[in-house]
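Coordinates in review
Each chain, letter by letter, is given below.
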Amino acid sequence: MSTSSVPAAAVVAGVDGSAGSMRAVWWAAADAARRHRPLHLLHAHDWPDLVYPPVGFALPVAYETDVRATAARVLADAVVVARDVGADLRITTEFTTRLCVPAMLAASRLASLVVVGSRGLGGFAALLVGSTGVELAGHAACPVVIVREVDLADGPHAGRVVVGVDGSHGADLALGLAFEQAAFRRAGLTVVTAVQWHVAGQRDGVAPPVHGEQAELLSARRVLAEAIAGWQEKYPQVDVQLEAVAGRAGGVLVDASAAAELLVVGARGHGGFTGLLLGSAGQAAVHHAHCPVVVVRPPR
């Protein structure tokens, strides 16, 4: 199928039949139902190219039949999971013989969210463990949601939405998505910034200066208040808390996610969140957060 099979603004979930992908389907279905969006379930299977010079041999008919039967079964199981979440959901399914990342990137051009598990089978194996996941999070045309194995182990969290902010354009985009998610979830929103001091003789730059620690934190809170002003006017029903925390960005985000139901981060920023998902802070969020993580990229 072509990319046009993805309904506009759909929530797209990558499906491969693994437990991780079914967690992603569950999360995607809940989000689609909550925000009144269509749900698109995508199964990608890389088609082998069996060519032996000087003659190319076609794949056995039985192989193609088995692959398509497996895809149909996997997608049917995913539909059952989604229907359990939202009986009235508008659900479409797609099987493609493209590689998983190109297929998901293509789908992201029309999607409102792309949702994947952190581990899977076949085309989605080790997603977001190595370069495959970094590529998806770094290049998708819409926000990417990573649902890790621990995220839904005890059912959905009933906490707050947490968003990391550093004053960058990417952080403002993350703020917008975080406010929207908090409003639809009827949850509170915690806006967090990491404050690091670069002190001579301190290798990690985390230690506060001798004087002015509280002044620095208060200044950071004022920056947060300015950053959320416009969004709070748009979503006045959302209860907002501002937190300026001394520490490395990765650790601050992971700690803040402990009581959260969703963590939202920008793909790139400056200050404490520089290189998020490409450096240590992003790796910490993806691999160690206690709730699903949304990575927001600026539009191209």
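Scroll up to find the structure this text is about.
Attention here is on the structure that accompanies the text.

**Remarks on the nonpolar core**
One finds Leu-39, Leu-41, Val-163, Leu-189, Val-191 and Val-264 to be the most contacted residues of the largest nonpolar core, which totals 48 residues. Looking at which element gives the most residues to this core, the answer is helix α5 (residues 169–185), with eight residues. Residues within four places of Leu-39 in sequence aside, it is in contact with Val-11, Ala-28, Ala-29, Ala-32, Ala-82, Leu-89, Arg-90, Ile-91 and Thr-92.

**A few points about the environment of Val-67**
Looking at the secondary structure, you find Val-67 in helix α2 (residues 61–85). Residue Val-67 is classed as buried on the basis of its relative accessible area of 8%. C-alpha separation for the pair Val-67 and His-45, spaced 22 residues apart in sequence, amounts to 8.1 Å.

**Here we look at the packing of aromatic side chains**
Describing an aromatic ring pair means giving the distance of the ring centres and the angle of the ring planes. Applying the stated criterion across every chain, the model contains one aromatic pair. On the numbers, 5.9 Å between centres and 20° between planes, the contact of Phe-179 with Tyr-235 is stacked. Here Phe-179 is found in helix α5, whereas its partner Tyr-235 is found in the loop between α6 (213–234) and β10 (240–246), with 56 residues between them in sequence. A single burial state applies to Phe-179 and to Tyr-235, both of which are buried.

**As for unusual backbone geometry**
One non-glycine residue, Ala-9, lies in positive phi territory at about 65°. Among the structural elements, Ala-9 can be located in the segment before β1 (11–14). Phi angles above zero are rare outside glycine, and His-36 is one such case at about 55°. Mapped onto the elements, His-36 comes out in the loop between α1 (19–35) and β2 (39–44). A relative accessible area of 70% means that His-36 is categorised as exposed.

**Re the environment of Glu-180**
Topologically, Glu-180 is positioned in helix α5. Take Glu-180: its relative accessible area is 19%, and that puts it in the buried class. In sequence terms Glu-180 and Lys-234 are 54 residues apart; their C-alpha atoms lie 9.5 Å from each other. In this structure Glu-180 touches Arg-35, Arg-37 and Tyr-235, once residues within four positions along its chain are discounted.

**What about the sheet that holds strand β12 (residues 293–296)?**
Across the sheet, 10 strands lie side by side as β5-β2-β1-β6-β7-β12-β11-β8-β9-β10; this open sheet has mixed pairing. Either end of the sheet is taken by a strand with one partner, and the two such strands are β5 (91–96) and β10. Adjacent strand axes in the sheet meet at a mean angle of 20° when their direction is disregarded. The pairing of strand β9 (residues 189–195) with β10 spans seven bridges and is classified as parallel. Residue pairing for β10: Val-192 is matched across the bridge by Glu-243. Here α1 sits on the sheet in contact with β1, β2, β6 (113–117), β7 (144–147) and β11 (260–266), set at roughly 155° to β6. Across the sheet, α2 lies against β2 and β5, angled at about 155° from β5, the strand it touches most.

**Observations concerning the pattern of salt bridges**
By the definition in use, this model includes five salt bridges. Salt-bridge contacts for Glu-180 lead to Arg-35; the nearest nitrogen and oxygen are separated by 3.8 Å. Of this pair, Glu-180 sits in helix α5 while Arg-35 sits in helix α1, and the two are 145 residues apart along the sequence. Classification of Arg-35 by relative accessible area gives buried; the value is 6%. Residue Arg-160 pairs with Asp-239 through a salt bridge whose shortest N-O separation is 3.0 Å. Taken together, the residues Arg-160 in strand β8 (residues 160–164) and Asp-239 in the loop between α6 and β10 connect sequence positions 79 residues apart. One continuous salt-bridge network, built from bridges that share partners, spans Asp-31, Arg-34, Arg-35 and Glu-180.

Conventions and cut-offs
Residues numbered from 1 in each chain as written. Predicted model: local features only at pLDDT ≥ 70, side-chain atom pairs only at ≥ 80, totals over all residues. Heavy atoms only, no water. Core = buried A, V, L, I, M, F, W, Y, C linked by side-chain atoms within 4.5 Å. Buried < 20%, exposed > 50% of the residue type's maximum accessible area, 1.4 Å probe, protein only. Helix = DSSP H or I, 4+ residues; strand = E, 2+ residues; numbered from the N terminus. Contact = heavy atoms within 4.5 Å. Phe/Tyr/Trp six-rings, centres within 6.5 Å; stacked < 30°, edge-to-face > 60°. Pairing = 2+ DSSP bridges. Axes fitted to C-alpha atoms, helices over the stretch in contact; angles between N-to-C directions. Salt bridge = Lys/Arg side-chain N within 4 Å of Asp/Glu carboxyl O.

Limitation: the analysis is restricted to geometry and does not speak to function.
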